[in-house]
Amino acid sequence: MKNFKKSKMKLVYVFFAAALMAGVLSSCEKAVAAKENPESMKVYGESEAEMTAPPMVPKPVGKRAATKLIVNMEVVEKEMEMADGVTYNYWTFDGSVPGSFIRTRVGDEIEFHFKNHPDSKLPHNIDLHAVTGPGGGAESSYVAPGHQATFNFKTMNPGLYVYHCATAPVGMHIANGMYGLILVEPEGGLPPVDREYYVMQGDFYTEGEYGDRGFQAFDMNKAVDEDADYVVFNGKVGGLTGDNALHAKVGETVRLYVGNGGPNLISSFHVIGEIFDRVYAEGGTTINENIQTTLIPAGGAAIVEFKVEVPGNLVLVDHSIFRAFNKGALGILKVEGEENEKVYGGKTAEGVYNPGTVVSSESATEETDDAPVAELSMADKMERGKQVYTQNCLACHQATGGGVPNAFPPLAASDWLNADPHRAIDAVKFGLSGEIKVNGNVYNSVMPKQNISDEDVASVLTYIYNNWDNNKSEVTTEMVKSRK
Ligand SMILES: [Cu+2]
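Bear in mind the structure is a predicted one, so any value in this text is a computation, not a measurement. (Residues numbered from 1 in each chain as written. Predicted model: local features only at pLDDT ≥ 70, side-chain atom pairs only at ≥ 80, totals over all residues. Heavy atoms only, no water.)

**Things to note about the overall build of the chain**
Inference 1: Per the secondary structure count, the chain includes 13 helices and 24 strands.
Inference 2: In the chain, which comprises 484 residues, the share counted as buried stands at 45%.
Inference 3: Sequence separation of 24 or more characterises 69% of the internal contacts of the chain that already satisfy a separation of 6 or more.
Inference 4: On the chain, roughly 24,500 Å² of surface is accessible, and the fraction owed to carbon and sulfur atoms is 54%. (Helix = DSSP H or I, 4+ residues; strand = E, 2+ residues; numbered from the N terminus. Buried < 20%, exposed > 50% of the residue type's maximum accessible area, 1.4 Å probe, protein only. Contact = heavy atoms within 4.5 Å. Areas by Shrake-Rupley, 256 points an atom, 1.4 Å probe, with all protein chains shown as cover.)

**Quick look at helix H11 (residues 421-430)**
Turn by turn, an α-helix covers 3.6 residues, leaving residues three or four places apart pointing in a common direction.
Inference 1: All of the buried residues along H11 are Ala-424, Ile-425, Ala-427, Val-428 and Lys-429.
Inference 2: In this structure, the buried residues of H11 make contact with helix H10 (415-419), strand S23 (432-438), strand S24 (441-447), helix H12 (454-465) and helix H13 (477-481).
Inference 3: N-capping of H11 is provided by Asp-420, with a side-chain oxygen placed 2.9 Å from the backbone N of His-422.
Inference 4: Two residues or fewer past H11, Gly-431 is found with a positive phi of approximately 85°. (Polar contact = N/O pair within 3.5 Å; in protein donor to acceptor, adjacent residues only side chain to side chain.)

**Quick look at the coordination of the copper ion**
Inference 1: Looking at the copper ion, the protein donor atoms are His-124 (ND1), Cys-165 (SG), His-173 (ND1) and Met-178 (SD), and they sit 2.0 to 2.5 Å from it.
Inference 2: Coordination at the copper ion is irregular: its four donor atoms span angles of 88 to 137° at the metal.
Inference 3: Of note, the donors binding the copper ion are all from one chain and are spaced H-x40-C-x7-H-x4-M. Here Cys-165, found in the loop between strand S9 (159-164) and helix H4 (170-175), pairs with Met-178, found in the loop between H4 and strand S10 (179-185); they are 13 residues apart in sequence, far enough to count as distant. Taken individually, Cys-165 and Met-178 each receive the classification buried, so the pair is uniform in this respect. (Donors = N, O, S within 2.8 Å, 3.2 Å for Na, K, Ca; no water. Tetrahedral: all angles 85-135°; square planar, octahedral: opposite > 155°, others 65-115°.)

**Let's talk about the sheet that holds strand S20 (residues 300-307)**
In any sheet, the strands associate via hydrogen bonds between backbone groups, in a parallel or an antiparallel arrangement.
Inference 1: Taken in spatial order, the six strands make up an open sheet running S13-S11-S15-S20-S17-S18, and their pairing is mixed. Both edges of this open sheet fall to strand S13 (230-233) and strand S18 (287-291), since each of them pairs with a single strand only. Neighbour-to-neighbour, the strand axes of this sheet turn through a mean angle of 20°, independent of strand direction.
Inference 2: In terms of strand pairing, strand S17 (residues 276-280) meets S20 through three bridges, oriented antiparallel. The residue bridging Val-279 from the neighbouring strand is Val-304, located in S20. (Pairing = 2+ DSSP bridges. Axes fitted to C-alpha atoms, helices over the stretch in contact; angles between N-to-C directions.)

**Here we look at the nonpolar core**
Inference 1: Membership of the largest hydrophobic core comes to 56 residues, with the highest contact counts inside it found for Leu-256, Phe-269, Phe-306, Leu-316 and Leu-333.
Inference 2: When neighbours within four sequence positions are excluded, Phe-269 is seen to be in contact with Phe-233, Leu-256, Val-258, Phe-276, Gln-292, Thr-293, Thr-294, Ile-296, Val-304, Leu-316 and Val-317. (Core = buried A, V, L, I, M, F, W, Y, C linked by side-chain atoms within 4.5 Å.)

**A short note on the confidence of the model for the chain**
Inference 1: The predicted model of the chain has a mean per-residue pLDDT of 90, with 89% of residues at 70 or higher.
Inference 2: Across residues 14-34, where pLDDT falls below 50, the model places four contacts with residues more than four positions away in sequence or in other chains.
Inference 3: Considering only residues more than four positions removed or in separate chains, one finds that residues 360-368, a stretch of pLDDT under 50, has twelve contacts. (pLDDT = per-residue confidence, 0-100.)

**Examining the packing of aromatic side chains**
Inference 1: Enumeration over the complete set of coordinates arrives at 18 aromatic pairs.
Inference 2: The interplanar angle of 50° and the centroid separation of 6.3 Å between the aromatic rings of Phe-112 and Phe-114 together place this pair among those described as tilted. Across the pair, exposure class does not vary: Phe-112 and Phe-114 are buried alike.
Inference 3: An aromatic cluster is built from Phe-93, Phe-112, Phe-114, Phe-151, Phe-153 and Tyr-163, whose rings are joined through pairwise contacts.
Inference 4: Positioned above the aromatic ring of Trp-416 is the side chain of Arg-423, whose terminal nitrogen or guanidinium carbon lies 4.0 Å from the ring centre. (Phe/Tyr/Trp six-rings, centres within 6.5 Å; stacked < 30°, edge-to-face > 60°. Lys NZ or Arg CZ within 6 Å of the ring centre and 35° of its normal.)

**What about the packing of helix H8 (residues 378-392) against H12?**
Inference 1: Where H8 meets H12, the closest approach of the two axes is 7 Å, and the angle between their N-to-C directions is 95°. It follows from the interaxial angle that H8 and H12 lie roughly perpendicular. Here H8 contributes Met-378, Lys-381, Met-382, Arg-384, Gly-385, Lys-386, Val-388 and Tyr-389 to the contact with H12, which in turn contributes Glu-455, Asp-456, Ser-459, Val-460, Thr-462, Tyr-463 and Ile-464.
Inference 2: Here the residues of the contact of H8 with H12 are counted per class, giving seven nonpolar, three polar and five charged. (Parallel < 35°, antiparallel > 145°, perpendicular 65-115°, else oblique. Nonpolar A, V, L, I, M, F, W, Y, C, P; charged D, E, K, R; others polar.)

**Structural notes on the sheet that holds strand S7 (residues 127-128)**
Inference 1: With respect to topology, five strands assemble into an open sheet ordered S2-S5-S10-S9-S7, the strand pairing being mixed. Only two strands of the sheet have a single partner each, and these edge strands are strand S2 (51-52) and S7.
Inference 2: As paired elements, S2 and strand S5 (residues 101-105) share two bridges and run antiparallel to each other. Across the sheet, residue Thr-52 finds its bridge partner in S5, namely Phe-101.

**As for the pairing of strand S4 (residues 86-93)**
Inference 1: Here S4 lies mainly inside the structure; six of its eight residues are buried.
Inference 2: In the sheet, strand S3 (residues 68-83) pairs with S4 via eight bridges, with the strands oriented antiparallel. Paired with Lys-78 across the bridge in S4 is Tyr-90.
Inference 3: In sequence, S3 turns back onto S4 through a hairpin of two residues, with Gly-85 there showing a positive phi of about 80°.
Inference 4: One ladder, built from three bridges, connects S4 with strand S12 (residues 214-216); its direction is parallel. Looking at S12, one finds that Tyr-88 is bridged to Gln-216.

**What about unusual backbone geometry?**
For residues other than glycine, phi is negative in most cases, and the peptide bonds are mostly trans.
Inference 1: Following Val-97, the chain continues into Pro-98 via a peptide bond in cis, with omega recorded as -5°.
Inference 2: Tracing the backbone through its elements, the reader meets Pro-98 in the loop between S4 and S5.
Inference 3: A cis amide bond links Ala-168 to the next residue, Pro-169, at an omega of -10°.
Inference 4: Mapped onto the fold, Pro-169 is located in the loop between S9 and H4.
Inference 5: For Asn-290, which is not glycine, the phi torsion reads 60° and is therefore positive.
Inference 6: Within the secondary structure, Asn-290 sits in strand S18.
Inference 7: The exposed category is assigned to Asn-290, whose relative accessible area is 59%.

In structure tokens form, the structure reads like this:
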């Protein structure tokens, strides 16, 4: 028995060596390559593709074999919200911006049923970057309102791809929201993760400026100049904040499928408070590790993955940062769970820093605590208040007190402000955090405590109360002093 085993081993060894010499191995390699060639991959059965509106994605393909996959998609032109009080006539794939997420695997045979709703005003089509063929399917899918077309293609390359409308004027169709993502998973599927989300950036060009209320028409000249009024995630300001925020729990691994529809701007995609453990660069096969900001070209995509280790709000931004804070490119991923002080200890100390060159306003107010204060005249307060506002508040609350939707509440005509001056004093003196409602909108953010003297608090609040349709209250230094 023992001898037999030994001689068998020997035989295998001899065969292996012979095979090497005879070049059998290289034909083996060919066989492997042939198995992986998507063109000749057999398809098994037929099924209808699950389609999801952002930020959700369909179930992973997992280990399923290549199949004939039926995709149904409908173009709908409809008015939706661009921001609070701002509406826009979007052109959409399946009624959302971005359009439905399509999930396939390499080797699938796609039968694409493309419909244009009878209420549409214009013909549309679809160019899928995952298609190998003329126009990515654009010519075959061109349909007038109330018509449909069917076309077929095989998914040849795994990756994350953009699709968009390619009907002239192409730029205008994309600018109106006609884009989305199609994922082609590799053989065996992508590695499983705990959470997956669908995020897509786009830039919008409106006749009015950012935030101008009412219906806003598309502005072709601004689009040509690449002068965007809105740069947003998932089709609108607040597409990923408030009720639309993403969620995860400490310890989970999150995978974001991030696309950029453009039409013009490239995205410096960044998540404040995280590092991407892995980035499938440009949505392809190369994995880059430990990335802070990844570039997503217009008409391109990336898959980013990260494990969330500590609770808190992670902020998704285009790190061309004025777009985030002034044009809408800001989203929230809310992470819940246990603190982990090894990973993030938080603030461990706070105190006055005074190298001796300036008198700290804090110690100044302390020293004069009991001394009577001479109140400034109303005119002096207004002038001083304006200066204090410009230096300390303007960056967040904006020049005319309008605030920034979903980030900084307005001070103009603010019901929160007008309801109670003492509460307003506390906000400025001690800082403010947690959920508050201003003029019907919920904010859940942090305003740092403002290190300004009691006299300056009185001046700046008086200035605000006597401007921008507020209730004209006067705040005295005495009132500020009494708040402890
Ligand atoms: Cu179109």
